Structure formats: structure tokens, C-alpha cells
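# Coordinate analysis (summary)
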Amino acid sequence: MRGRQVVSMLAAGLVAACSASNSATDGERASAEEAPLSASAPAAARSVSAATAGSTGIGDPYFPGDGNGGYDATHYGLALAYDPKSRQLGGTATIDAKATQDLSQFNLDLSGFTVRSVTVNGAPAEFSRKGSELTVRTDLKDKAAFKVEVAYAGTPQPVRESSNLGSYGFIPTPDGSFVTCEPNGAKTWFPSNDHPADKATFDFTLTVPEGVTAIANGELAGQPKTTNGKTTFIWREKHPMTTYLATMTTGKFQVRTGTSPGGIPVYAAADPRFRTSLNSLYDQSGKITDYWATVFGPYPFGSTGGVVDDFAAGYALENQTKPIYGGFEPDEGIIAHELAHQWFGNSLSITRWKDLWLNEGFATYAEWLWSEHRGQGTAQQQFNDAYAGATDAIWKYPPGETRPNDLFNASVYTRGGMALHALRLEIGDGKFFPLIKKWAADHRYGNVTTEQFIELAEKTSGKQLDDLFDAWLFKQRKPAKPTSVS
Ligand SMILES: [Zn+2]
């Protein structure tokens, strides 16, 4: 994600925050696993006592209600219809999952809507609602694969202005919908395990009035089909994706498709109000994706591109394969930022929200690398400017401990980017760029932590780097300006 006006809007705080961590979940799992080992318990009693409720959060201490425990989602199949006129969204979500404990019940995150029915493995299941939690009663064994189908309908309500966050989630627009879900807005349009620690593949079967285009992640499966005034678009994202990157952006769009000079399929779409941006969006997105593949390693997904919608969000979000720009024509810098996220944030996803600098620091540094590549100012110059221009607020906010009530603070971006430049100066280009490629390759499609990055940086460089990372990521004060060793 990035604000339209680089630092100033970020400092104002645009969007932010969701999360959950592991302690509660681990505790639940431990007790569930220990129960059957009790030798004195009769067999029947053991089987009954072993099944417990999956926790209502995935265990991220910053966002205790986000995500859920007791299962891993592996695939979402969303068959949804949206009518921009009535603002009604409805259909079914089919979730393939695997139990990670014996389960008496489990939760999905869903906000609003009327849930008409829930089935587990085809059989009707009892369910209840409380806040954003949909609780489903069941009887599943640890490691069992299962399929949940939720039928629901209603008027989506985006999340608005909570703490420093702008509006996010499923946002109705005059001609359709603008859908950006970081950090925890997926619950505003489909039931899920809404936390980046649980990634899954997706397919989308989206039905809209004829003349409206429905855009989701991944690639189109065949041509859209129109019957009785309704058009259905089928999209498939076959690579794992976090819930906050899923989108169902609909409306009037002009679309251009093709392949980048390097051979990567490109899908670009622009609202008619931004029709003059379409060719530039298409060209830049292809070229920049190609360039990042030379710097970060092979492009992780099946296509690249972007969407410019006329909803004035004032920010962009790196929706997987299709970054979205809300109400402005994107320049190269912000396109470079959102496309760098396809590696850092999307292919490699954070495990806990406190590590958000692994997304935003990397994407900010990518902007500096793009500027250097284009001969518009080296990364060193960008670093110098950022260091000189940083406010006390940035030095007081350690980006390695992202704060839940101020997730998208400018420090997470700028000081995160500065941390990477300081690392580059310390270990030299000959070690730095191979490190970045290895980081992207080793954890492709997975989840990562700051500790893992520091460990790899030390291993790759053969240097002890605790002091450097401590100064740049974890201290509430201004680090000394580094000097180049290379
Ligand atoms: Zn970003």
C-alpha cells in the first residue's frame, strides 16, 4: 500500500491494521494434542474431550480477533453476484481447509450480511454470529480435510476510519465496487480466515450486470459469458494469496491486455474517467515487472498489471497480480512500489503485523532503486534526502515493531527503506543484491518474519548485524548516518 503523496499522506495515516499472532493458538493446540495422551482416560471419554473449539483469533497479539485458530484454509471458491444499483452482494463461499486440532467448532471472519446456510462436507451445520465472528459447530478430527460452504447475502459495509485508517474493504462506487482489504477488510465481503498468516489459492465466479466489468486476482478462465442481461467473469489465482490481497473490483472499465517485453501477461484496466492513463499504466506495469524480475528474481505470479478506478481513496494497494490505484493516475514511482510488493508482501507474506516493514520498507526501497535505474537520483541520494528530512516522529517510531493503532506510519516505509540502504552500505552490493534474491527465492509463496531476514542477512554476508538492525529497526532514536564500505 502507498499513499498518493508519498510521505506526507503516509504520515497523515491512510490505512492500516489487522493482525493476530501465535501464543493463544499454540496454547489451544498444545492442550488439544495432550488430551489424548492421558493414559488413564477411557477411550470414549478421550475422543470426546479431545475435540475443542478453534480459537477466535489466529494468535496475532496486535489484532487478537483477526483470523482464527484450529484450521488452515487452503482454497476459497467465491461465487458472488453484485448489483451496483441495489448494492446487494450475495452468493456462496466454498472454503477448503484442514483441521489443525480435533475441532468441536471453528470460526470464520465475516462482517454483516445474512448467512442463509452453512454446510460442512455437504451436511448442514449449526452456526451462530457475534460481531465479525461466524462460529460453525462441527466434529472434525485433527488433520482432516474439510469443505465449508457459506451462503450469504446483504449490503457490504466497508470499514471506515477506524483509528488512523481510511475506508477499506468492499467499497460501493456509483458504477460498481472498489475493493482493498489491507489489513483486515476481507470480512466485509467473504467469510475467511482473515489474516496473512493463512494463505490460500482462490477462484472467483463473479456475476454483474451486462456492461459492467468484474476484476479479480490471477487470470481470466475463458471469455466472460452473458445471459439474460448478466455477465459472469471467472478468475483464478492459483498461487497462494493472503485474504487482504483478494479483490472484486467492478464497474465500467476500459481494458488492455497483452504481454510485457519480457513475456509476462499484462492486464490493465482504467475507469473511463482515467482512460488517458490506460496505455501508460499498461506499458509501465509491464516494463517495471520485467525489471524487478532481474533484481528480485523470477516474477512469482501468472500475470501482472493494474487497475485505475475513479474512487478517490488517495492510496494504492498491491492486490495480487492487480495493484489498484484509487482515484489518481499513478506515476512510475508508485507503480514500482506496488509491483515490488508482488515479491515482498504478496509472494513473501508477513506472519505478524508487527513485521509490516518487510512489506513497506522493501517497497519503499524499491522506489529508490527504480529512481536509480532511471537515472533520476541514486538510492544514496534518496537515502540522504530521507535521512535529512526525517522528523523526530520517525526516529521515535521503530519500524521493526509496527504499532497496531498506527500501522502505516511513515517510519514503516521510510525508515524501513533506510534500514535496507544501511544494510546495503554495510555488506556491499556484491552481497546485498544476492541476499534480496535469495530472500525472495527461499520463502516464495510463504510467510516470513523479521528474525528470518536478519538471520539470512548475517549468513549471506558473514557479518554480525545485530547492531545495525537494532539501530535501524528497534531503537527509538536516530541512528548515526552510515558510510559506504564498498
Ligand atoms: Zn506499500
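Read on for a plain summary of the structure. (Residues numbered from 1 in each chain as written. Predicted model: local features only at pLDDT ≥ 70, side-chain atom pairs only at ≥ 80, totals over all residues. Heavy atoms only, no water.)

## Focus: the overall build of the protein
- Along the backbone of the protein there are twelve helices and 25 strands.
- Each of the 486 residues in the protein was classed as buried or not, and the buried ones make up 58%.
- Excluding contacts between residues fewer than 6 apart, the proportion of contacts in the protein whose partners are at least 24 apart in sequence is 70%.
- Roughly 17900 Å² of accessible area belongs to the protein as shown, and the carbon and sulfur atoms make up 51% of that amount. (Helix = DSSP H or I, 4+ residues; strand = E, 2+ residues; numbered from the N terminus. Buried < 20%, exposed > 50% of the residue type's maximum accessible area, 1.4 Å probe, protein only. Contact = heavy atoms within 4.5 Å. Areas by Shrake-Rupley, 256 points an atom, 1.4 Å probe, with all protein chains shown as cover.)

## Describing the coordination of the zinc ion
- Looking at the zinc ion, the protein donor atoms are Met1 (N), Met1 (O), His337 (NE2), His341 (NE2) and Glu360 (OE), and they sit 2.0 to 2.5 Å from it.
- Written as a sequence motif, the donor arrangement for the zinc ion is M-x335-H-x3-H-x18-E. With methionine 1 in the segment before strand 1 (2-3) and glutamate 360 in helix 6 (residues 357-373), this residue pair connects regions lying 359 residues apart in the sequence.
- Note on glutamate 360: relative accessible area 0%, which makes it buried. (Donors = N, O, S within 2.8 Å, 3.2 Å for Na, K, Ca; no water.)

## As for the pattern of salt bridges
- Within this structure, the stated rule accounts for 13 salt bridges.
- For glutamate 451, the salt bridge goes to arginine 352, with nearest N and O atoms at 2.9 Å. Here glutamate 451, found in helix 11 (residues 450-461), pairs with arginine 352, found in the loop between strand 24 (349-350) and helix 6; they are 99 residues apart in sequence, far enough to count as distant.
- On the accessibility criterion, glutamate 451 (41% relative accessible area) is partly exposed.
- Between lysine 438 and aspartate 442 there is a salt bridge, with its nearest N and O atoms 3.1 Å apart. Pair noted here: lysine 438 and aspartate 442 are both in helix 10 (residues 429-442), with a separation of four residues, about one helical turn.
- Linked through salt bridges whose partners overlap, the residues forming this network are Arg352, Lys354, Asp355 and Glu451. (Salt bridge = Lys/Arg side-chain N within 4 Å of Asp/Glu carboxyl O.)

## Notes on the packing of aromatic side chains
- Under the counting rule described, the total for this entry stands at 40 aromatic pairs.
- For the pair tyrosine 76 and phenylalanine 190, a centre-to-centre distance of 5.6 Å together with 70° between the ring planes defines the contact as edge-to-face. Taken as a pair, tyrosine 76 in strand 3 (residues 71-83) and phenylalanine 190 in the loop between strand 12 (176-180) and strand 13 (200-209) lie far apart in primary sequence, 114 residues in all.
- Arranged with centres 5.9 Å apart and planes meeting at 90°, the rings of tyrosine 299 and phenylalanine 301 form a pair that is edge-to-face. Here tyrosine 299 matches phenylalanine 301 in class, with each residue buried.
- Seen from the ring of tyrosine 267, lysine 322 lies directly overhead, with NZ or CZ sitting 5.4 Å from the centre.
- Positioned above the aromatic ring of tyrosine 387 is the side chain of lysine 478, whose terminal nitrogen or guanidinium carbon lies 4.9 Å from the ring centre. (Phe/Tyr/Trp six-rings, centres within 6.5 Å; stacked < 30°, edge-to-face > 60°. Lys NZ or Arg CZ within 6 Å of the ring centre and 35° of its normal.)

## Side note on the sheet that holds strand 1
- On the basis of which strands lie adjacent, the open sheet formed by six strands has the order 1-22-23-21-20-19 and mixed pairing. Edge positions in the open sheet fall to strand 1 and strand 19 (254-259), since each of these has one partner strand only.
- Pairing analysis gives five bridges linking strand 20 (residues 265-270) to strand 21 (residues 304-309), with the strands arranged parallel. Opposite alanine 269, over in strand 21, you have valine 307 as the bridge partner. (Pairing = 2+ DSSP bridges.)

## Concerning the packing of helix 7 (residues 379-389) against helix 9 (residues 410-427)
- Two elements in contact, helix 7 and helix 9, have axes whose closest approach is 10 Å; the angle formed by their N-to-C orientations is 130°. Here helix 9 runs oblique to helix 7, going by the angle between their axes. Pair helix 7 / helix 9 crosses with left-handed handedness. Together, Ala379, Gln380, Phe383, Ala386 and Tyr387 of helix 7 and Thr414, Met418, His421, Arg424 and Leu425 of helix 9 make up the contact between the two elements.
- Its residues assigned to classes, the contact of helix 7 with helix 9 comprises six nonpolar, three polar and one charged. (Axes fitted to C-alpha atoms, helices over the stretch in contact; angles between N-to-C directions. Parallel < 35°, antiparallel > 145°, perpendicular 65-115°, else oblique. Left-handed = near helix turned anticlockwise from the far one by under 90°. Nonpolar A, V, L, I, M, F, W, Y, C, P; charged D, E, K, R; others polar.)

## Section: helix 5 (residues 332-340)
- Within helix 5, eight of the nine residues are buried, leaving the element largely enclosed by the surrounding structure.
- Taken together, the buried positions of helix 5 are occupied by Glu332, Ile334, Ile335, Ala336, His337, Glu338, Leu339 and Ala340.

## Considerations on the nonpolar core
- Among the nonpolar cores identified, the biggest contains 134 residues, and Phe106, Trp189, Phe204, Trp292, Leu423 and Phe453 are the most heavily contacted of them.
- The biggest single contributor to this core is helix 9, with nine residues.
- Other than its neighbours up to four places away in sequence, leucine 423 contacts Gly428, Phe432, Leu435, Phe453, Ala457, Leu465, Leu468 and Phe469. (Core = buried A, V, L, I, M, F, W, Y, C linked by side-chain atoms within 4.5 Å.)

## Some thoughts on the sheet that holds strand 2 (residues 52-53)
- Read across the sheet, four strands follow the order 2-5-9-8 without closing on themselves; strand pairing throughout is mixed. Each end of this open sheet is capped by a strand with a single partner; those strands are strand 2 and strand 8 (127-130).
- Taken together, the six bridges between strand 5 (residues 103-109) and strand 9 (residues 133-140) define a ladder with antiparallel strand orientation. Of the residues in strand 9, the one forming a bridge with asparagine 107 is threonine 135.

## A look at the environment of serine 192
- Among the structural elements, serine 192 can be located in the loop between strand 12 and strand 13.
- Of the residues examined, serine 192 reaches a relative accessible area of 0% and is grouped as buried.

## What to know about the side chain of lysine 322
- Mapped onto the fold, lysine 322 is located in the loop between strand 22 (315-317) and strand 23 (324-326).
- The side chain of lysine 322 sits in the buried core without any salt bridge; glutamate 219 is the nearest counter-charge, 5.7 Å away.
- Polar side-chain contacts of lysine 322 include one of 2.6 Å to the backbone oxygen of glycine 218.
- Those residues in contact with lysine 322, other than ones at most four positions away along the chain, are Ile215, Ala216, Asn217, Gly218, Trp235, Tyr267, Ser303, Gly306 and Val307. (Lys, Arg positive; Asp, Glu negative; His and termini not counted. Polar contact = N/O pair within 3.5 Å; in protein donor to acceptor, adjacent residues only side chain to side chain.)

## Description of the pairing of strand 20
- With five of six residues buried, strand 20 lies mostly within the body of the structure.
- Across six bridges, strand 19 lies against strand 20 in antiparallel orientation. Across the sheet, threonine 257 pairs through a bridge with tyrosine 267, a residue of strand 20.
- Where strand 19 folds back on strand 20, the antiparallel hairpin that results is connected by five residues, among which glycine 263 adopts a positive phi of roughly 100°.
- A crossover links strand 20 with its parallel partner strand 21, the connecting element being helix 4 (residues 278-296), and its sense is left-handed. (Right-handed = clockwise from strand over helix to strand, strands pointing away.)

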